[in-house]
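# Remarks on the overall topology
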Amino acid sequence: MKSPLLTNADARRLFLDRHLLLRPQPGQAVGGDLLGVLTELGFVQVDSVNTLARAHDLILWSRRGRYRPLALDRLVARQRLAFEHWTHDAAIIPMQFYPMWRLKFMRDEARMRHRWPAWRGEGWDREIDAILRRIADHGPASTTDVGPDKGRGGGGWWDWHPSKTALEYLWRSGRLAISHRTGFRKIYDLSERVIPAEYRNIQLDTPQIIDWALSAALDRLGFATSGELAAFFEIATRDEAKEWCADALAAGRIVEIDVEMADGTRRRSVSTVAMLDTLSMLPPPSQRVRLLSPFDPALRDRARAERLFGFHYRIEIFVPAPRRRYGYYVFPVMQGDRLIGRLDAKRDAGVLDVRAFWPEKGVRLGRAREAGLLAELQRVLPLAGASEVRLAPGWLKEGGDQAASA
């Protein structure tokens, strides 16, 4: 039987709707409303770079223009409605998902025990009991509280002293949790003093967790391959995702479809009948110009974003400056259901300095689109802690086919 075809336009609409980017969604961006956004997204990635705003803050602001960082701090550190751990990277996750992370704790611990002796060097595992006692007896601690500086090298984040390594191991394996952050420094405490008992005491078996992880991933992606499902939370393995898809297909829980990519090719994926039925109710995409984080959930799977939107994006932080094509930390810019370009902008002494905007091939920055971009830059000023936008001379660069009008 021939699989249904999801056109590229419909695939973009469905995907963006699942990521809360299809249409304006007003809200207070505090408490329950903010938790609702976080839950619908599944998580937001945490990143330390703060040229304009930190990744998690810009992600949430892109969905709720009234969002301010203190609201997320309260959600995590005071209300305990979210916790910090790993998906594919460090992330803030709804607290109600904590029971499903027990499988990740167990599997991460096994991987660390296997790999870290060679990768992190010797001695860190001998610090584990001492650090647990120190935190149990004296309260929350950061890396500066538990380890001497003399053990560190100069190699960067990978060159941790043994106590730092032990702290990270205890957090990744679930025995410690992040109580809060001071500045951007993680403060660790015993999990039983951070995670509410109602979530900490829930025990699920492995099949239940895998079923939840892959079902929840599909709900947030709209359609996916088994590999994309496994990669979403990084809880289930690729083999487990393949087996889950086969079982779910046989049971009629999911259906196979062909999804049209930006280049016209088709990619076999799975979805649900209920998900596909929502297509007729989805509105056209909002024409607002949106500034996105490089780690936005809609773009974090770079290969998927390139296939779906025809948008090739790479972070150039680790590229030597003379070899960078665009800039140190460049922001993707979306309008409607298209990625229309990328922006090099940085906050400097209360001013948002816009160094360059590169339109994508086939995109012309006419008056209306330029006005939309400038309006978005004005909207982001409060989040960035800036009061004005300053455009560098020659900030508008040539993209691809400047004669195109799409």
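These notes cover the structure that comes with them. Please read all numbers here as calculations on a predicted model, not as lab measurements.

About the cut-offs
Residues numbered from 1 in each chain as written. Predicted model: local features only at pLDDT ≥ 70, side-chain atom pairs only at ≥ 80, totals over all residues. Heavy atoms only, no water. Phe/Tyr/Trp six-rings, centres within 6.5 Å; stacked < 30°, edge-to-face > 60°. Helix = DSSP H or I, 4+ residues; strand = E, 2+ residues; numbered from the N terminus. Buried < 20%, exposed > 50% of the residue type's maximum accessible area, 1.4 Å probe, protein only. Lys NZ or Arg CZ within 6 Å of the ring centre and 35° of its normal. Axes fitted to C-alpha atoms, helices over the stretch in contact; angles between N-to-C directions. Parallel < 35°, antiparallel > 145°, perpendicular 65-115°, else oblique. Contact = heavy atoms within 4.5 Å. Nonpolar A, V, L, I, M, F, W, Y, C, P; charged D, E, K, R; others polar. Pairing = 2+ DSSP bridges. 1 Å grid on protein atoms, 1.4 Å probe; cavity = no way out; pocket = protein on both sides within 12 Å on 5 of 7 lines; lining within 4 Å. Points joined across faces, edges and corners; volume = space filled by probe spheres on them. Salt bridge = Lys/Arg side-chain N within 4 Å of Asp/Glu carboxyl O. Core = buried A, V, L, I, M, F, W, Y, C linked by side-chain atoms within 4.5 Å.

Under the counting rule described, the total for this entry stands at 16 aromatic pairs. Here the aromatic rings of Tyr 326 and Trp 358 are separated by 5.0 Å at their centres, their planes lie at 75°, and the arrangement is edge-to-face. Highlighted residues: Tyr 326 in the loop between α14 (302-309) and β10 (330-335) and Trp 358 in strand β12 (residues 351-359), separated in sequence by 32 residues. Each member of the pair, Tyr 326 as well as Trp 358, is classed as buried. Taken together, Phe 43, Phe 83, Phe 97, Tyr 98, Trp 101, Phe 105, Trp 212, Phe 232 and Phe 233 form an aromatic cluster joined through their ring pairs. The ring of Trp 61 has Arg 288 lying over it, and the distance from NZ or CZ to the ring centre is 5.6 Å. Above the face of the Phe 223 ring, Arg 304 is positioned so that its terminal group lies 4.5 Å from the ring centre.

What follows is about the packing of helix α2 (residues 31-41) against helix α3 (residues 55-63). Contact geometry of α2 with α3 gives a least axis separation of 11 Å together with a crossing angle of 105°. Classified by the angle their axes make, α2 and α3 are roughly perpendicular. In this structure, α2 contributes Leu 34, Val 37 and Leu 41 to the contact, and α3 contributes Ile 59, Leu 60 and Arg 63. Here the residues of the contact of α2 with α3 sort into five nonpolar, no polar and one charged.

Further remarks concern the sheet that holds strand β4 (residues 90-94). Pairing in this open sheet of three strands is antiparallel, and the strands run β2-β4-β3 from one edge to the other. Every interior strand has two partners, whereas the edge strands, β2 (44-45) and β3 (82-86), have only one. Pairing analysis gives two bridges linking β2 to β4, with the strands arranged antiparallel. The residue bridging Gln 45 from the neighbouring strand is Ala 91, located in β4.

In this section: the layout of surface pockets. Size it by volume and the second largest pocket reaches roughly 410 Å³. Taken together, 21 residues form the lining of the second largest pocket, with Pro 69, Leu 72, Asp 73, Arg 181 and Gly 183 sitting closest to its centre. Secondary structure elements with two or more residues in the lining of the second largest pocket: α3, α4 (69-78) and β5 (176-182). With eight residues, α4 is the largest single contributor of residues to the lining of the second largest pocket. Considered class by class, the residues forming the lining of the second largest pocket number ten nonpolar, four polar and seven charged.

Here we take up the pattern of salt bridges. On inspection of all chains with the given rule, the structure shows 24 salt bridges. Close ionic contact of Asp 33 with Arg 64 constitutes a salt bridge, the shortest N to O distance being 3.0 Å. Linking Asp 33 in helix α2 with Arg 64 in the loop between α3 and α4, this pair joins segments that are 31 residues apart in sequence. One salt bridge connects Arg 107 with Glu 240, and the closest N-O pair in it is separated by 2.6 Å. With Arg 107 in helix α5 (residues 101-119) and Glu 240 in helix α12 (residues 238-250), this pair connects stretches of sequence that are 133 residues apart.

Counting 63 residues, the largest nonpolar core has Leu 6, Trp 101, Phe 223, Leu 229 and Phe 309 as the members making the most contacts within it. Residue contributions to this core peak at eight residues, all from helix α10 (residues 206-221). Dropping the residues within four chain positions of it, Phe 309 is found in contact with Arg 12, Phe 15, Leu 16, Ala 262, Met 334, Asp 337 and Leu 339.

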